[in-house]
Amino acid sequence: MERARATRAARRARTCYTGASVKPFSLFAPCAPGLEPLLLAELEELGVRNAEALPGGVAWAGHHGAIYRANLGLGLATQVRVRLGRFRASKLPELRRKARQLPWGPWVGEGGVDVRAVCKRSKLHHGGAVAERVAQAAAEAVGEVPIAEGATRVLVRIVENEVEVSVDTSGEPLHRRGYRLATAKAPLREDLARALLRVSGWDAESPLVDPMMGAGTIAIEAALLARRLPPGGRRRFAFEDTPGFDAPRYAKVRAELEAKTRPALPFPIHGSDRDAGALEAARANAERAGVLADLRLREASLSDAFAEVDGATALVTNPPWGARIGDGDALRDLYASLGELVRAREGLRLAFACGDPDLARAVGLPIRSALMTDAGGTKVRFFVGA
Ligand SMILES: C[S@@+](CC[C@H](N)C(=O)[O-])C[C@H]1O[C@@H](n2cnc3c(N)ncnc32)[C@H](O)[C@@H]1O
């Protein structure tokens, strides 16, 4: 049944929706606050030349291949959206009529649509009614009955009577790569771990150490980065279930990204934690991510973290910080020990996440805040050695 559906979808895609003459889609990838310039750089590394960083994400234009490449290859975005259209509307019938004209075809299939609406400073202010009318409009446009199960997620944003309708091509947020099923204490989201690695200045060509690795997110993201593995390479995306899905093109994009990867790393990424449960979680996650062989994972306390490490150029970590785990003096001592470890190794770069600037300064080294973002509703800064 699944295969029949995929074949049908691919046929429709080839006959109706693809081809060089079709205008490119307006794309937008949202990200955690503060990550926009890093995301722009990541998109440029994927070969995108027309992108622009905006508050909350990055916008660019591209065809189906660009959507597939971004979903697979962006490690800092939370989603890839296609903007179906923009128009003005101040009454529900007008909204429904104009929404019906949008190019729903490639995006809405048998699963229908699941519409979320946000209204600000507009005559249309009831999100529920707006969502309902847009869902009706989509159903009328494609001639199918919308049901919520397996639906295409649609986002409607109305600001000062200007309506913007977008489709989520990703499904599960992109930071859910699929590997982190096991967690330890206070895990750092995958996209934030990657952003911390990006600001650390690590060259991705030499050993790196995370001496408080928890479930291993930083070490795993470091290995994915260094091996140039597409962060979304092991998961499914919502676009795979849409009528416009072009399976041969997707296979081509995957193969193209695959061709750039390294089969293994010529140097290790080190991860350690004093907690045996964390080590177990990190191993299981690394295995699922396909990078276990690139990591040297150990149960060790911070003071012992470098016992089996040679030639490391960066220490990147997410130590415990007040708001979540640990307390006062003990934490300050821990940060001071972290600083000692770095001071004892010339040329070792330091980057760490911490929500408390006073605590961060307890490392006793010159540091600067390279980025401020949001981790589950709490402000967190990424500090790097100055
Ligand atoms: C905030 S968590 C790290 C979370 C990790 N980044 C992740 O995404 O799962 C901090 C970790 O530091 C470890 N830790 C705390 N004090 C330590 C010490 N003295 N030596 C080694 N590990 C320590 C804890 O066991 C915990 O797993």
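Please read these numbers as outputs of a predicted model, since none were measured by experiment.

> Tell me about unusual backbone geometry, and please be specific about residues and values.
Of note in the backbone geometry, Arg-121 takes a positive phi value of approximately 45° without being a glycine. Assessed through its relative accessible area of 60%, Arg-121 is described here as exposed. Despite not being glycine, Glu-160 shows a phi value in the positive range, around 50°. With respect to the secondary-structure elements, Glu-160 resides in the loop between β6 (152-159) and β7 (162-168).

> How would you explain the site of the ligand if you had to name every residue and give the values?
The full set close to the ligand counts 21 residues, and Leu-188, Ala-215, Thr-217, Asp-273 and Leu-302 are the nearest of them. The contact in question runs from an oxygen atom of the ligand to an N or O atom on the backbone of Ala-215, over 2.8 Å. Interatomic distance of 2.7 Å between a side-chain N/O atom of Thr-217 and an oxygen atom of the ligand. Bound to the protein, the ligand loses 95% of the 610 Å² it would expose on its own. Within the shell around the ligand, the residues separate by chemical class into 12 nonpolar, 4 polar and 5 charged.

> For the domain arrangement of the protein chain, give the residues involved together with the corresponding values.
You can read the domains of the protein chain as domain 1 (2-168) and domain 2 (190-229 + 264-385). Between the C-alpha centres of domain 1 and domain 2 the distance comes to 36 Å. If you look at the interface, domain 1 gives 10 residues, while domain 2 gives 10 residues. Here domain 1 packs against domain 2, burying approximately 790 Å² in sum over the two surfaces, 62% of which is carbon and sulfur. Applying the counting criterion to the domain 1 and domain 2 interface returns 2 salt bridges.

> Talk me through the sheet that holds β7; I want residue IDs and the actual numbers.
Taken in spatial order, the 7 strands line up as β2-β3-β1-β4-β7-β6-β5 in an open sheet, and their pairing is mixed. This sheet does not close on itself; its edge strands, each paired only once, are β2 (52-54) and β5 (113-120). Each neighbouring strand pair of the sheet contributes to a mean axis angle of 30°, computed without reference to strand direction. Sheet analysis places β6 next to β7, joined by 6 bridges and oriented antiparallel. Along β7, the bridge assignment pairs Leu-155 with Ser-166.

> An account of the pattern of salt bridges is needed here, citing residue identities and associated values.
The tally for this structure, following the rule as stated, stands at 27 salt bridges. With its nearest N and O atoms 3.1 Å apart, the salt bridge here joins Glu-45 to Arg-198. One end of the pair, Glu-45, is in helix α2 (residues 36-45); the other, Arg-198, is in helix α6 (residues 190-200), with 153 residues separating them in the sequence. We note a salt bridge from Glu-162 to Arg-88, for which the minimum N-O separation is 3.3 Å. Within this pair, whereas Glu-162 is found in strand β7, its partner Arg-88 is found in strand β4 (residues 81-88), the two being separated by 74 residues in sequence. Residue classification places Glu-162 among the partly exposed residues on the basis of a relative accessible area of 31%. Looking at Arg-88, the relative accessible area reads 45%, which means it is partly exposed. Through salt bridges with shared partners, a single ionic network connects Glu-42, Arg-177, Arg-194 and Glu-221.

> Account for the sheet that holds strand β10 (residues 295-299), with residues named and values stated.
Read from one edge to the other, the open sheet built from 7 strands follows the order β10-β9-β8-β11-β12-β14-β13, with strand pairing classed as mixed. The strands lining the two open edges of the sheet, one partner per strand, are β10 and β13 (367-375). Between one strand and the next, the sheet's axes are offset by a mean angle of 15°, whatever the strand orientation. Bridge count for strand β8 (residues 208-210) against strand β11 (residues 314-317) is 2 bridges, and the pairing is parallel. Opposite Leu-208, over in β11, you have Ala-314 as the bridge partner. Contacting β11 and β12 (349-354), helix α10 (residues 328-343) runs over the sheet at an angle of about 165° to β12.

Criteria and cut-off values
Residues numbered from 1 in each chain as written. Predicted model: local features only at pLDDT ≥ 70, side-chain atom pairs only at ≥ 80, totals over all residues. Heavy atoms only, no water. Buried < 20%, exposed > 50% of the residue type's maximum accessible area, 1.4 Å probe, protein only. Helix = DSSP H or I, 4+ residues; strand = E, 2+ residues; numbered from the N terminus. Near = heavy atom within 4 Å. Polar contact = N/O pair within 3.5 Å; in protein donor to acceptor, adjacent residues only side chain to side chain. Areas by Shrake-Rupley, 256 points an atom, 1.4 Å probe, with all protein chains shown as cover. Nonpolar A, V, L, I, M, F, W, Y, C, P; charged D, E, K, R; others polar. Domains from an automatic or database assignment. Contact = heavy atoms within 4.5 Å. Buried area = accessible area lost by both parts, 1.4 Å probe. Salt bridge = Lys/Arg side-chain N within 4 Å of Asp/Glu carboxyl O. Pairing = 2+ DSSP bridges. Axes fitted to C-alpha atoms, helices over the stretch in contact; angles between N-to-C directions.

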